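Each chain, letter by letter, is given below.
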Amino acid sequence: MLLHLDASARRASFSRKLSSVYAETWRAAHPQAGYVYRDLAAHPVPHIGEAWTELCDYLLQREITDISRFGEAVRTPAQRQAWAVVEPLLDEVVAAEVILIGTPMYNYSIPSSLKAWLDQITFPKMSLAGRSFVVTSARGGAYGPGTPREPYDHQERYLRDFFKGHFQVEDVTFIHAELVNARLDPSLAHLREQHEKSLAAALTEAAR
């Protein structure tokens, strides 16, 4: 199954366009596989609350790492409400072979909508090994290796570390369209051609 998430606040964003191209290609190659789509910007996942932290503490104290047993942590009405949010999100992730995330870079990092989703589905010492993550992103500037702004990239670095550190997943692919602000910012107008090349390469990679 492909789990497809979009997090951009823009309905016609480059990260959405890239994730759509990838999803169409993947579904054409796997016509019998399942597909689930979530728009985290249009239908945001709530932020975690105290009841979620109680679920987390219960699992940690009892060393429960089997995802199928996480529901054992539910003991109070508040925790039941918290679990009602978590359970369908976690079920989708567990069922997926590939998790596709379309996300912009916001303020050097990721949108709060994506962070809220990550918080809801993440528990101590859990593993999603065997799955793949694909991230299609749009960034206002250039943050690739060797660029002056490379040290400010807390988007790819954060997500790559998160997937490895929390989920034990190293099969992660990033597809970036960079310098999108060159379409709007007069001070970056001289980089418009470089942006167009980056976007074209990203679309080709997403389709491939």
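Conventions we followed
Residues numbered from 1 in each chain as written. Predicted model: local features only at pLDDT ≥ 70, side-chain atom pairs only at ≥ 80, totals over all residues. Heavy atoms only, no water. Helix = DSSP H or I, 4+ residues; strand = E, 2+ residues; numbered from the N terminus. Rg over C-alpha atoms; globule rule 2.2 N^0.38 Å. Contact = heavy atoms within 4.5 Å. Areas by Shrake-Rupley, 256 points an atom, 1.4 Å probe, with all protein chains shown as cover. Pairing = 2+ DSSP bridges. Axes fitted to C-alpha atoms, helices over the stretch in contact; angles between N-to-C directions.

Asker: Looking at this structure, how should I read the overall build of the protein?
Answerer: Scanning the protein for helices and strands turns up six helices and five strands. Reading the secondary structure of the protein in the N-to-C direction produces β-α-β-α-α-β-α-β-α-β-α. By the compact-globule yardstick of 17 Å for 208 residues, the protein fits well, its C-alpha radius of gyration being 18 Å. Taken along the three principal axes of its C-alpha coordinates, the protein extends 60 × 40 × 30 Å. For the protein, long-range pairs separated by at least 24 residues make up 75% of all intrachain contacts whose partners lie at least 6 apart in sequence. Accessible area of the protein: about 10,700 Å², with a carbon and sulfur share of 51%.

Asker: In this structure, what is going on with the sheet that holds strand S5 (residues 172-177)? I would like to understand it.
Answerer: Backbone hydrogen bonds are what pair the strands of a sheet, in a parallel or an antiparallel way. Taken in spatial order, the five strands of this open sheet run S2-S1-S3-S4-S5, and their pairing is parallel. Two strands lie at the open edges of the sheet, namely strand S2 (35-39) and S5, each paired on one side alone. Ignoring which end each strand starts from, the neighbouring axes of this sheet average 15° apart. Two strands pair when backbone bridges link them, and strand S3 (residues 98-104) and strand S4 (residues 132-138) are joined in this way by seven bridges, in the parallel orientation. The residue bridging Gly 102 from the neighbouring strand is Thr 136, located in S4. Most of the contacts of helix H1 (residues 14-29) go to S3, to which it runs at about 160°, and overall it touches strand S1 (2-6), S2, S3, S4 and S5. Relative to the sheet, helix H3 (residues 77-95) contacts S1, S2 and S3, its axis offset from that of S2 by approximately 135°.

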